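Now for the letters of each chain:
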Amino acid sequence: MARVSRPDGHLAAFEAQRPRLLRLAYRMTGSLAEAEDVVQDAWIRWARVEDTVDSPAAYLTRIATRLCLDRADSARARRETYYGAWLPDPLVETTEMEIMADDITLTLMLALERLSPLERAAFLLHDVFDMELADVATTLDRDPAAVRQLAVRARRHVEAARPRFKVERADADRLARAFFAASRDGDTAALASLLAQDVTLTSDGGGKVIAFRNVITGIAKVMRLFAGLRRKFEERPEILEWVTIDGLPGYVTRDRGGIFQTTALDIRDGRIAAIYMTRNPDKLGHVAQAIGYSADI
């Protein structure tokens, strides 16, 4: 195993791990801005290391994980006071390819939010980042048996949110386009053919723009909502880009009133089981940049 010492290779070793650290920090926090802060803090700590390091990847993973755990309590407190429903920052396939290099979808990110910080870390490090259990225990400063139990409990919760069957990309794209047209037009008949009976709609405006404060559940309520929007607004939303958002099919629109929005769809058994709309402008700057959208959001 190559040993890295200062000054030769120190910066190069960190840069080689940066995409992985960013991906881990995002999966731990659900916020791209927080993830970037974690990586920056990890660099500051790494830059102060004077001794040789046998495995920069393991060392930096340990630093980043512990930085995320240090932030967990304050992050949870911010979630509790967040205005309305909270969604993770939407990451589109066209930009954050290193972050997207796993099978964690937006739906699973929400499942991770229900875990304790240690459970989340154990699951991500062992099941997603393929770390040996002993290395996870070292990273979390816990006994291996305790870490195994953390991972088991986390896996039990997360597995329930995984789709039973993978949706082919062409089918996902077809459903996304059909849903956009039906929701834009308030076409309840078309929506009825696309939505699951227990479909949910989550809209994150963060108190910055108009959004549905509570999660809307059930096909009847969702169809009435889109029909009502069509009657209320003459101007229809404009498609800016068809994208994949954290593993889910979706699209970016400029909505009624000029509001920038991402919509991601969780598809189960050929029907749309969940709709995730992110409208909070604080979470969409990187998306606008990714698709080349230059107007203010």
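Right above here is the structure, for reference.
Note that the structure is predicted; figures quoted are calculated from it, not measured.

Counted residue by residue, strand β6 (residues 271-278) has seven buried out of eight residues, so it is predominantly covered. Bridging between strand β1 (residues 195-204) and β6 involves six bridges; their strand directions are parallel. By the bridge assignment, leucine 195 is partnered in β6 with isoleucine 272. As defined by bridge partners, strand β5 (residues 260-268) adjoins β6 across seven bridges and the pair is classed as antiparallel. Bridge assignment links alanine 264 to a residue of β6, and that residue is tyrosine 276. What sits between β5 and β6 in their antiparallel hairpin is a turn of two residues, with aspartate 269 showing a positive phi close to 55°.

This part covers the nonpolar core. In this structure, Leu112 and Phe123 are the most contacted members of the largest nonpolar core, which totals 46 residues. Within the residue set of this core, elements represented by two or more residues are α1 (10-29), α2 (32-47), α3 (56-80), α4 (106-112), α5 (117-128), α6 (133-140) and α7 (144-159). In terms of residue count, α1 provides more of this core than any other element does, eight residues in total. Other than its neighbours up to four places away in sequence, leucine 112 contacts Arg27, Ile104, Arg120, Phe123, Leu124 and Val158.

Another aspect to go through is α7. Its 16 residues give α7 an end-to-end C-alpha distance of 22 Å, which sits within 8% of 22 Å, the value for a rise of 1.5 Å per residue. For α7, every residue scored as buried is listed here: Val147, Leu150, Ala151, Ala154 and Val158. One side of α7 carries all its buried residues, which in axial view fall inside an arc of 95°. Against α4, α5 and α6 lie the buried residues of α7. Where α7 starts, the residue carrying a side-chain oxygen 2.9 Å from the main-chain nitrogen of alanine 145 turns out to be aspartate 143.

Turning next to the packing of α2 against α3. Where α2 meets α3, the closest approach of the two axes is 9 Å, and the angle between their N-to-C directions is 135°. What the angle tells us is that α2 and α3 run oblique. The way α2 lies across α3 gives a crossing that is right-handed. Contacts from Glu34, Asp37, Val38, Asp41, Ala42, Arg45 and Trp46 of α2 reach α3 at Pro56, Tyr59, Leu60, Ile63, Ala64, Leu67, Cys68, Arg71, Ala75, Arg78 and Arg79. In terms of residue class, the contact of α2 with α3 is built from 11 nonpolar, no polar and seven charged.

It is worth spelling out the pattern of salt bridges at this point. Scanning the model with the defined rule gives 16 salt bridges in all. We note a salt bridge from arginine 27 to aspartate 246, for which the minimum N-O separation is 3.0 Å. Of this pair, arginine 27 sits in helix α1 while aspartate 246 is found in the loop between β3 (238-245) and β4 (248-254), placing the two residues 219 residues apart along the sequence. Taken as a pair, arginine 27 and aspartate 246 share a single burial class, namely buried. Here lysine 208 makes a salt bridge to aspartate 282, at a shortest N to O gap of 2.2 Å. Of this pair, lysine 208 sits in the loop between β1 and β2 (216-217) while aspartate 282 sits in the loop between β6 and α11 (285-290), and the two are 74 residues apart along the sequence.

The rules we used
Residues numbered from 1 in each chain as written. Predicted model: local features only at pLDDT ≥ 70, side-chain atom pairs only at ≥ 80, totals over all residues. Heavy atoms only, no water. Buried < 20%, exposed > 50% of the residue type's maximum accessible area, 1.4 Å probe, protein only. Helix = DSSP H or I, 4+ residues; strand = E, 2+ residues; numbered from the N terminus. Pairing = 2+ DSSP bridges. Core = buried A, V, L, I, M, F, W, Y, C linked by side-chain atoms within 4.5 Å. Contact = heavy atoms within 4.5 Å. Expected span 1.5 Å × (residues − 1). Arc of directions from axis to C-beta. Polar contact = N/O pair within 3.5 Å; in protein donor to acceptor, adjacent residues only side chain to side chain. Axes fitted to C-alpha atoms, helices over the stretch in contact; angles between N-to-C directions. Parallel < 35°, antiparallel > 145°, perpendicular 65-115°, else oblique. Left-handed = near helix turned anticlockwise from the far one by under 90°. Nonpolar A, V, L, I, M, F, W, Y, C, P; charged D, E, K, R; others polar. Salt bridge = Lys/Arg side-chain N within 4 Å of Asp/Glu carboxyl O.

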